[in-house]
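# Notes for the structure review
Listed below, chain by chain, are the residues.
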Amino acid sequence: VLIALNALVFVASAGMSGNLMQISSPVLLTLGANHAPLVMQGEVWRLLAAMFLHGGLLHIGFNMFALYQAGQIVERLFGARAFLLLYLAAGLAGNVASMWWNPQAVSVGASGAVFGVYGALLAYVRAQPGSMPISVFNQIRSSTLAFIGYSLFAGFALPGIDNGAHVGGLVAGLALGYGLAQP
């Protein structure tokens, strides 16, 4: 459902922008991009709306692929309601961290929420290692750490990537994941 919502919002924003590869900043701002000056003036709804907006086809493609990969596992481990809570809380935390990290940026994307999903997965395998076969545990832990490490490295190495949202979502996902992890 989350992937479908993101896709629908992307199709609408691409239609408004007239470009699949790069959605213009004015369109993103109109639809609810995270921008600290506007949020601080009372447009707090942007913290939620920005999680469903993406800057282009590659942006949404990478985010939704990562969400699909980890999301189906995390939803099974935590349950649908807890998964939704994790996703939304991590996305909100990521957007707040993004405002603090770079207050002048126009920020969009589900990556804070996606990092939260990966953080919750990492927390689960650390909190409940005996709840799955060791080979599965090792594979999930390795692939999760590789995703987090590579993505954070890329965020520092490449311009235009919002590592504030990544780190904020990851921290929220870790905290919530530890709190919600049950065998």
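Each remark here, short or long, concerns the structure printed above.
Right, let's walk through the structure included here. (Residues numbered from 1 in each chain as written. Predicted model: local features only at pLDDT ≥ 70, side-chain atom pairs only at ≥ 80, totals over all residues. Heavy atoms only, no water.)

### A word on the overall build of the protein
- A count of helices and strands for the protein gives nine helices and zero strands.
- Shown N-terminal to C-terminal, the secondary structure of the protein runs as helices and strands in the order α-α-α-α-α-α-α-α-α.
- At 16 Å, the protein has a C-alpha radius of gyration in line with the 16 Å of a compact globule built from 183 residues.
- Over its C-alpha atoms, taken along the principal directions, the protein stretches across nearly 50 × 35 × 30 Å.
- For the protein, the residues scored as buried account for 45% of the 183 residues in total.
- Counted over contacts in the protein with a minimum sequence separation of 6, partners at least 24 positions apart contribute 72%. (Helix = DSSP H or I, 4+ residues; strand = E, 2+ residues; numbered from the N terminus. Rg over C-alpha atoms; globule rule 2.2 N^0.38 Å. Buried < 20%, exposed > 50% of the residue type's maximum accessible area, 1.4 Å probe, protein only. Contact = heavy atoms within 4.5 Å.)

### Re the packing of aromatic side chains
- Scanning the entire structure with this criterion turns up six aromatic pairs.
- Ring centres of Trp101 and Phe156 lie 6.2 Å apart, and the angle between their planes is 40°; this geometry places the pair in the tilted category. Taken together, the residues span a long stretch of sequence, with Trp101 in helix H6 (residues 80–101) and Phe156 in helix H8 (residues 134–157) at a distance of 55 residues.
- For Trp101, a relative accessible area of 40% gives the class partly exposed. (Phe/Tyr/Trp six-rings, centres within 6.5 Å; stacked < 30°, edge-to-face > 60°.)

### Some remarks on the environment of Asn63
- Here Asn63 lies in helix H5 (residues 57–78).
- Judged by its relative accessible area of 8%, Asn63 is buried.
- A C-alpha to C-alpha distance of 9.6 Å links Asn63 and Phe115, two positions 52 residues apart in sequence.
- Among all residues touching Asn63, those that are not within four sequence positions of it are His54, Gly109, Ala110, Ser111 and Val114.

### Re the side chain of Ser98
- Relative to the helices and strands, Ser98 is located in helix H6.
- A distance of 3.4 Å separates polar atoms of two side chains, one belonging to Ser98 and the other to Ser107.
- What Ser98 contacts, discounting residues up to four positions off in sequence, is Asn34, Ser107, Asp162, Gly164 and Ala165. (Polar contact = N/O pair within 3.5 Å; in protein donor to acceptor, adjacent residues only side chain to side chain.)

### Observations regarding a nonpolar patch on the surface
- Nonpolar side chains collect at one region of the surface, where Leu20, Met21, Leu57, Leu58 and Phe62 lie side by side and expose about 540 Å² of accessible area between them.
- Its location among the elements puts Leu57 in helix H5.
- A relative accessible area of 37% means that Leu57 is categorised as partly exposed. (Patch = residues over 30% accessible without salt bridge, like charges linked within 9 Å, V, L, I, M, F, W, Y side chains within 5 Å. Areas by Shrake-Rupley, 256 points an atom, 1.4 Å probe, with all protein chains shown as cover. Salt bridge = Lys/Arg side-chain N within 4 Å of Asp/Glu carboxyl O.)

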